Amino acid sequence: MQNNIPAVLSVMKFIYDNIMYAELNTKSDYCQCCGFDGEIQIVADDSGKLIWECPNCGNRDQNTMNVARRSCGYIGTQFWNQGRTQEIRDRVLHL
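As the structure is a computational prediction, the values presented were derived from the model and not from experiment. (Residues numbered from 1 in each chain as written. Predicted model: local features only at pLDDT ≥ 70, side-chain atom pairs only at ≥ 80, totals over all residues. Heavy atoms only, no water.)

> Would you mind going over the sheet that holds strand β5 (residues 65–66) with me for this structure?
Remark on secondary structure: sheet strands pair via backbone hydrogen bonds, oriented parallel or antiparallel. One open sheet holds the 3 strands; their spatial order is β2-β1-β5, and the pairing between them is antiparallel. The sheet is open, and its two edges are formed by β2 (37–38) and β5, each paired on a single side. Note that strand β1 (residues 29–31) and β5 share 2 bridges and pair antiparallel. Note that in β5 the partner of C31 across the bridge is M65. (Pairing = 2+ DSSP bridges. Helix = DSSP H or I, 4+ residues; strand = E, 2+ residues; numbered from the N terminus.)

> I tried to follow the nonpolar core on my own but got confused; where do I start?
Note that soluble globular proteins tend to have their nonpolar side chains buried in a common cluster. In this structure, C31, I40, I42, L50, W52, C54, M65, V67, W80 and I88 together form the largest nonpolar core, which totals 10 residues. Here I42 is in contact with L50, I51, W52, T85, I88 and R89, once residues within four sequence places are set aside. (Core = buried A, V, L, I, M, F, W, Y, C linked by side-chain atoms within 4.5 Å. Buried < 20%, exposed > 50% of the residue type's maximum accessible area, 1.4 Å probe, protein only. Contact = heavy atoms within 4.5 Å.)

> Help me understand the environment of A22, please; the structure alone is not making it clear to me.
Here A22 shows up in the loop between α1 (5–18) and β1. Relative accessible area serves as the criterion here: at 33%, A22 is assigned to the partly exposed category.

> What should I look at first to understand α1 in this one?
An α-helical turn contains 3.6 residues, so any two residues separated by three or four positions project in the same direction. A rise of 1.5 Å per residue sets the reference length of α1, with its 14 residues, at 20 Å; its end C-alpha atoms lie 20 Å apart and thus fit the reference within 8%. Listing the buried residues of α1 in full gives A7, V8 and I15. Projection of α1 onto a plane perpendicular to its axis shows the buried side chains occupying an angular sector of 100°, all on one side. Opposite the buried face of α1, at more than 90 degrees from it, the exposed residues are P6, L9, K13 and Y16. (Expected span 1.5 Å × (residues − 1). Arc of directions from axis to C-beta.)

Okay, structure coming up:
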């Protein structure tokens, strides 16, 4: 959404004019190892387990990254089980 501010403003105006409640969810994760601020990726490790990885430095240590995602209606900042992590990975972005 950072690359298309006019579209974000258009969506916000539509929400304001037409919808009682709506929200825009952004991904502002942070890697404490390299300072990356953006979207930490979900990747499969060698055994097929889904893990979180910094796209900038390759950090996979969950203790040194901050990840926030909407889960069950709330913004969560913990790390999730494999099923929820897969659901988060498979989400479709609309904007």
